[in-house]
Amino acid sequence: MGSYYSEETHGPHQYFELGDYELESGITLPGARLAYKTHGELNEAKDNVVLFPHMWSGTPKAMEIVIGRDRPLDPGKYFIVLPGQFANGFSSSPSNTPPPFNGGAFPNVTIGDDVRAQHRLLTEQFGIERLELVLGWSMGAEQTYEWAVRFPDMVKRALPFAGTAKTTPHDYLFVCSHEDALKSDPAWNNGFYADQSDVHVGLRRHAQIWSVMGLCPEFYNSEAWRSVGFTSLEDFLKRFWEAYFAPMDPNNLIWMGWKWRHGDVSRHTGGDLAAALGRITAKTYVVPFSRDMFFPPADCEAEQRLIPNSEFRVVDSLWAHFAMFCMTTADREQIDACIADLLKEEVG
């Protein structure tokens, strides 16, 4: 558990101390902290800022594959802030919080809790008042929507990739299933196991569920895994899916999953999703991935139609929900084009 959530594995982080942080649930999390990374330099006018929250199961490292010189997210031009959400293993999480909120006693946290903490980081630590772009993939898209609805005057452009502003019933049920797969391992012990490896059976069951929903039938029918070095379906299951999840902390995954399935910006408007999305003033590109079974393009387009000054694009990929990993040149080029085009949009 300790070796995975380490800077040797994920690179150096900085930490913003939140103190006694009141969650939306009403519970106060003592000594809360937000881990984050930055790329590039904040200019004197503080008007070159991009905020890039990460997905469920990830850390800021996962988003660094989209950053680079001569790419749209160029650290030579932008100050790119990569915040780590609660329960990611670096920010306050079940795996690193002392009693009484250790392990299975960690309180439920929300997308709103993450975004409020990120807002404090940007305003208190850096004095930032406007964001050139907020973008994210999957649960990072949920955070992007929360930013655009909660702080509309601060967000100039928004780019939610493969995510929705309100979790759909289908997605809610899926997240429940992968949480239940982890909890089905007797070693989970209501979240009070001695080491994450004790829950290896639950982690493998969890990985198998993701292998079904994370990609698409066409991917498997065409044996697309061969193009990235896997030799059989079993090899892909073991060396891609199980290898990805096996070192992670089950509680961290479960608590991040609770946030995912309760994501809903309409909380701000008494349950009226149209009213919530109507608050968005950012120039917005809504970009699903074709064949994504978590966030199908039709679900994303239904929300895009409720957002003023927005456009709908689709990234076409056999990698379905995992197109953001840029496993192919075509995926990378399509994603870069969406970011580049949005950053060129003139906004007030």
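For the structure given in this document, a descriptive report is provided here.

Criteria and thresholds
- Residues numbered from 1 in each chain as written.
- Predicted model: local features only at pLDDT ≥ 70, side-chain atom pairs only at ≥ 80, totals over all residues.
- Heavy atoms only, no water.
- Helix = DSSP H or I, 4+ residues; strand = E, 2+ residues; numbered from the N terminus.
- Rg over C-alpha atoms; globule rule 2.2 N^0.38 Å.
- Buried < 20%, exposed > 50% of the residue type's maximum accessible area, 1.4 Å probe, protein only.
- Contact = heavy atoms within 4.5 Å.
- Areas by Shrake-Rupley, 256 points an atom, 1.4 Å probe, with all protein chains shown as cover.
- Lys, Arg positive; Asp, Glu negative; His and termini not counted.
- Charge placed at Lys NZ, Arg CZ, Asp CG, Glu CD.
- Salt bridge = Lys/Arg side-chain N within 4 Å of Asp/Glu carboxyl O.
- 1 Å grid on protein atoms, 1.4 Å probe; cavity = no way out; pocket = protein on both sides within 12 Å on 5 of 7 lines; lining within 4 Å.
- Points joined across faces, edges and corners; volume = space filled by probe spheres on them.
- Nonpolar A, V, L, I, M, F, W, Y, C, P; charged D, E, K, R; others polar.
- Polar contact = N/O pair within 3.5 Å; in protein donor to acceptor, adjacent residues only side chain to side chain.
- Core = buried A, V, L, I, M, F, W, Y, C linked by side-chain atoms within 4.5 Å.
- Pairing = 2+ DSSP bridges.
- Axes fitted to C-alpha atoms, helices over the stretch in contact; angles between N-to-C directions.

Digging into the overall build of the protein
Here is step 1: From N to C terminus, the protein includes 11 helices and eight strands.
Here is step 2: Computed over its C-alpha atoms, the radius of gyration of the protein comes to 19 Å, within 12% of the 20 Å expected for a compact globule of 348 residues.
Here is step 3: Looking at the protein as a whole, 58% of its 348 residues qualify as buried.
Here is step 4: Taking the contacts inside the protein whose residues are at least 6 apart along the sequence as the reference set, 75% of them involve residues at least 24 apart.
Here is step 5: Carbon together with sulfur atoms contributes 51% to the accessible area of the protein, which is approximately 13300 Å² in total.
Here is step 6: The positive charge centre, built from 30 side chains, and the negative charge centre, built from 46, are 1 Å apart in the protein.

Remarks on the environment of Gly270
Here is step 1: You can see Gly270 is positioned in the loop between helix H8 (250-261) and helix H9 (273-277).
Here is step 2: The spatial distance from the C-alpha of Gly270 to the C-alpha of Ile111 is 17 Å, given a sequence separation of 159 residues.

Topic: the pattern of salt bridges
Here is step 1: For the structure shown, the criterion picks out 22 salt bridges.
Here is step 2: Where Arg116 meets Asp113, a salt bridge forms, and the shortest distance between an N and an O atom there is 2.8 Å. Highlighted residues: Arg116 and Asp113, both in helix H2 (residues 111-125), separated by three residues, approximately one helical turn.
Here is step 3: Taking the relative accessible area as the measure of exposure, Asp113 reaches 0% and is therefore buried.
Here is step 4: Between Arg204 and Glu242 there is a salt bridge, with its nearest N and O atoms 3.2 Å apart. Of this pair, Arg204 sits in helix H5 (residues 200-213) while Glu242 sits in helix H7 (residues 233-245), placing them 38 residues apart in sequence.
Here is step 5: Take Arg204: its relative accessible area is 39%, and that puts it in the partly exposed class.
Here is step 6: Look at the salt bridges and you will find they share partners, linking Glu24, Glu146, Arg150 and Arg267 into a network.

Section: empty space enclosed by the protein
Unoccupied space between atoms shows up once a probe the size of one water molecule is rolled over them.
Here is step 1: Throughout the structure, instances matching the rule amount to two cavities of 30 Å³ or more.
Here is step 2: Every residue along the wall of the largest cavity is listed here: Met55, Trp56, Ser57, Trp137, Ser138, Trp210, Tyr244, Phe245, Trp260, His321 and Phe322.
Here is step 3: Tallied by class, residues from the lining of the largest cavity come to eight nonpolar, three polar and no charged.
Here is step 4: There is about 30 Å³ of room inside the second largest cavity.

Observations regarding the side chain of Ser317
Here is step 1: For Ser317, the position within the fold is in the loop between strand S8 (310-312) and helix H11 (329-344).
Here is step 2: Separated by 2.9 Å, the side chains of Ser317 and Asp331 make a polar contact.
Here is step 3: Excluding its chain neighbours within four sequence positions, the residues that come into contact with Ser317 are Ser290, Arg291, Ala323 and Asp331.

With respect to the nonpolar core
Here is step 1: Counting residues in each nonpolar core, the largest one holds 112 residues, and the members touching the most others are Leu73, Trp137, Trp147, Phe161, Trp241 and Ile339.
Here is step 2: Excluding residues that lie within four positions of it along the chain, Phe161 makes contacts with Leu135, Gly136, Trp137, Ser138, Ala141, Val287, Phe289, Met324, Ile335, Cys338 and Ile339.

A closer look at unusual backbone geometry
Here is step 1: Here the bond from Pro99 into Pro100 is cis, since omega is 10°, no more than 30 degrees from zero.
Here is step 2: Structurally, Pro100 is set in the loop between strand S4 (79-83) and H2.
Here is step 3: Phi at Lys46 is positive, roughly 55°, even though this residue is not glycine.
Here is step 4: Within the element layout of this structure, Lys46 appears in the loop between strand S2 (28-39) and strand S3 (49-51).
Here is step 5: Unlike most non-glycine residues, Ser57 shows phi in positive territory, near 80°.
Here is step 6: Within the fold, Ser57 resides in the loop between S3 and S4.
Here is step 7: Look at Ser57 and you get buried, because its relative accessible area is 6%.

Re the sheet that holds strand S1 (residues 14-22)
Here is step 1: Taking strand neighbours across the sheet as the criterion, the eight strands line up as S1-S2-S4-S3-S5-S6-S7-S8 in an open arrangement whose pairing is mixed. Unpaired on one side and paired on the other, S1 and S8 mark the two borders of the sheet. Going across the sheet, the axis of each strand differs from the next one's by a mean of 20°, ignoring polarity.
Here is step 2: Note that strand S7 (residues 283-286) and S8 share three bridges and pair parallel. Considered in S8, the bridge of Val286 is made with Phe312.
Here is step 3: Along the sheet, helix H10 (residues 297-304) contacts S7 and S8; its crossing angle with S8, the most-contacted strand, is approximately 160°.

Note that every value here comes from positions in space, so none of it alone points to a role or purpose.
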